[in-house]
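# Architecture at a glance
What follows is the residue order along each chain.
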Amino acid sequence: METTKCLIIGSGPAGYTAAIYAGRANLAPIMLEGLQPGGQLTTTSEVENFPGYPDGVNGQVMMDDMRAQAERFGVDIRSSVAEKVDFSARPYKIWADGGTCIEAETVIISTGATARYLGLDDERKYAGMGVSACATCDGFFYRKKVVAVVGGGDTACEEAIYLAGLARQVYLLVRKPYLRASRIMQDRVLKHPKIEVLFEHNATGLFGENGVEGVHLVKRQGKADEQRYDLPIDGFFLAIGHKPNSDIFRPWLETDETGYIKVIDGGPCTSLPGVYAAGDVADPRYRQAIVAAGSGCKAALEAERFLNE
Ligand code: NDP
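About the cut-offs
- Residues numbered from 1 in each chain as written.
- Predicted model: local features only at pLDDT ≥ 70, side-chain atom pairs only at ≥ 80, totals over all residues.
- Heavy atoms only, no water.
- Helix = DSSP H or I, 4+ residues; strand = E, 2+ residues; numbered from the N terminus.
- Rg over C-alpha atoms; globule rule 2.2 N^0.38 Å.
- Contact = heavy atoms within 4.5 Å.
- Areas by Shrake-Rupley, 256 points an atom, 1.4 Å probe, with all protein chains shown as cover.
- Lys, Arg positive; Asp, Glu negative; His and termini not counted.
- Charge placed at Lys NZ, Arg CZ, Asp CG, Glu CD.
- Pairing = 2+ DSSP bridges.
- Salt bridge = Lys/Arg side-chain N within 4 Å of Asp/Glu carboxyl O.
- Buried < 20%, exposed > 50% of the residue type's maximum accessible area, 1.4 Å probe, protein only.
- Core = buried A, V, L, I, M, F, W, Y, C linked by side-chain atoms within 4.5 Å.
- Near = heavy atom within 4 Å.
- Polar contact = N/O pair within 3.5 Å; in protein donor to acceptor, adjacent residues only side chain to side chain.
- Nonpolar A, V, L, I, M, F, W, Y, C, P; charged D, E, K, R; others polar.
- Patch = residues over 30% accessible without salt bridge, like charges linked within 9 Å, V, L, I, M, F, W, Y side chains within 5 Å.

Let us look at the overall build of the protein chain. The helix and strand inventory of the protein chain stands at 7 helices and 19 strands. Its C-alpha radius of gyration of 21 Å places the protein chain within 12% of the 19 Å reference for a compact globule of 309 residues. Judged by the C-alpha coordinates and their principal axes, the protein chain covers about 65 × 40 × 35 Å. In the protein chain, the proportion of contacts linking residues at least 24 apart, taken out of those at least 6 apart, comes to 57%. Roughly 15,100 Å² of accessible area belongs to the protein chain as shown, and the carbon and sulfur atoms make up 48% of that amount. Taken together, the 33 basic and 40 acidic charged side chains of the protein chain have centroids lying 5 Å from each other.

And the structure:
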């Protein structure tokens with residue numbers, strides 16, 4: 001049985017920032033970096049909204065830099081996934097893949113969230129070449145271009161409005177004959193001169209030589225008047241929800257109905273003392289690297305205080 005003062009689960013901006021702070025505070029943290037080291041940012045191309053990079057930075061490069069910074073402060077980063085936890089008593093028990101059990105006095109959960117995709121092969125084919133699940137991250141590349149957003153919830157409406165500030169034309173692809181979003185968001189979208197809502201539309205594929213040039217659409221799929229056609233677009237944005245990576249923690253921690261870990265007063269404290277949540281796993285609202293990094297910092301500071309007390 002291994003023991004640690006501080007175990008960090010997950011390695012996006014939240015996890016690495018927590019690791020840097022915990023490392024500098026001599027907590028000798030262990031980090032289980034998970035299946036996708038660096039997290040969601042490693043799948044975007046350029047990050048232009050993280051302060052400190054006036055010329056922007058490649059998402060993978062930024063995550064490699066954060067990792068190197070954590071290593072500099074002695075963080076024991078392991079290429080490993082947390083498979084099971086037992087938070088019934090302190091010290092908390094965490095089992096990594098391979099069966100190793102670690103006992104931790106404090107745990108920082110920074111496992112992130114996963115954007116949901118439609119499951120089309122073309123989404124993978126054009127990843128980083130016109131397909132995105134984050135308008136705030138990638139919208140800037142579509143100035144004066146034509147984009148489609150998939151989804152009918154608040155996120156989709158918000159992303160469509162954000163993109164309409166940059167793009168020439170935005171199509172909102174909604175599978176139902178109505179929007180699920182709040183009334184106010186619906187009104188904004190429906191009245192926006194640059195947004196056209198295509199109700200009862202499903203995307204079945206994408207096409208293009210060196211990136212997305214268009215989307216294959218089906219209108220009123222399965223109905224007698226079903227119609228198939230191609231719509232030329234430059235960018236394809238998914239906004240059909242996110243899934244927080246919190247499954248193994250749900251029996252032990254309070255979460256909302258989607259699975260986002262509930263935190264106290266917007267800070268990193270969860271319903272259990274010594275267990276903290278940072279980054280997208282606890283944040284359905286902002287989902288930004290800089291916010292995640294800030295919450296990772298708070299989590300490490302809280303862990304340090306908890307251990308001192
Ligand atoms: P939602 O679950 O609310 O909406 C998801 C949307 O994606 C729905 O319109 C759904 O369609 C559609 N969808 C799901 N799967 C598919 C699919 N396979 N093909 C096509 N369409 C699909 O997720 P959101 O991310 O929009 O919002 C999550 C939560 O966060 C909500 O509670 C929301 O209110 C909240 N939120 C609040 C904001 C704010 O207050 N400013 C901003 C953003 C989010 P269907 O309706 O047919 O199921």
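And the narrative resumes.
Each regular strand carries side chains that alternate between the two faces of the sheet. Pairing of strand S14 (residues 201–207) with strand S15 (residues 214–219) involves 6 bridges; the strand directions are antiparallel. Each residue of the ladder has a partner; that of His201, found in S15, is Lys219. Linking S14 back to S15 in an antiparallel pair, the connection comprises 6 residues, with Gly208 at a positive phi of about 150 degrees. Relative to strand S16 (residues 227–232), S15 runs antiparallel, the two sharing 6 bridges. Counterpart to Val218 in the pairing with S16 is Arg228.

Tallied over the full model, the rule gives 11 salt bridges. The partner of Arg124 in a salt bridge is Asp121, with the nearest N and O atoms 3.3 Å apart. In this pair, Arg124 and Asp121 both sit in helix H3 (residues 121–125), 3 residues apart, roughly one turn of the helix. Relative accessible area serves as the criterion here: at 62%, Arg124 is assigned to the exposed category. Members of the salt-bridge network, linked through shared partners, are Glu2, Asp76 and Arg78.

You can see Gly34 is positioned in the loop between strand S2 (30–32) and strand S3 (46–47). C-alpha separation for the pair Gly34 and Gln60, spaced 26 residues apart in sequence, amounts to 15 Å. Non-local contacts of Gly34, meaning those with residues more than four positions away in its chain, are made with Ser80 and Val81.

Okay, the nonpolar core next. Counting residues in hydrophobic clusters, the biggest one holds 29 residues, and the most contacted among them are Ile8, Tyr16, Met31, Phe50, Met62, Ala70 and Ile108. Ile8 has contacts with Gly15, Ala18, Ala19, Pro29, Ile30, Met31, Leu32, Ile108 and Ser110, leaving out every residue within four places of it along the chain.

A few words on the site of the ligand. Residues in contact with the ligand amount to 14 residues; listed here are only the nearest, Gly152, Asp154, Thr155, Arg175 and Arg180. Within the contact set of the ligand, a nitrogen atom lies 2.9 Å away from a side-chain nitrogen or oxygen of Glu158. Arg175 is positioned such that a nitrogen or oxygen atom in its side chain is 2.8 Å from an oxygen atom of the ligand. Out of a free accessible area of 910 Å², the ligand has 72% covered by protein chains. Along the lines of polarity and charge, the residues of the shell around the ligand split into 2 nonpolar, 5 polar and 7 charged.

For the rest of this paragraph, the subject is a positive patch on the surface. There is a patch of like positive charges on the surface, built from Arg116, Arg175, Lys176 and Arg180. Within the fold, Arg116 resides in the loop between strand S9 (113–115) and H3. A relative accessible area of 45% places Arg116 in the partly exposed class.

Now for the sheet that holds strand S17 (residues 235–238). Taken together, the 5 strands give an open sheet; going across it, the order is S10-S17-S11-S12-S13, and neighbouring strands pair in parallel fashion. Lying at the two open borders of the sheet, with one neighbouring strand each, are strand S10 (131–132) and strand S13 (195–198). Where strand S11 (residues 146–150) and S17 come together, 4 bridges link them in parallel fashion. For Val150, the partnering residue across the bridge sits in S17 and is Leu238.

Nothing here speaks to function; it is geometry throughout.
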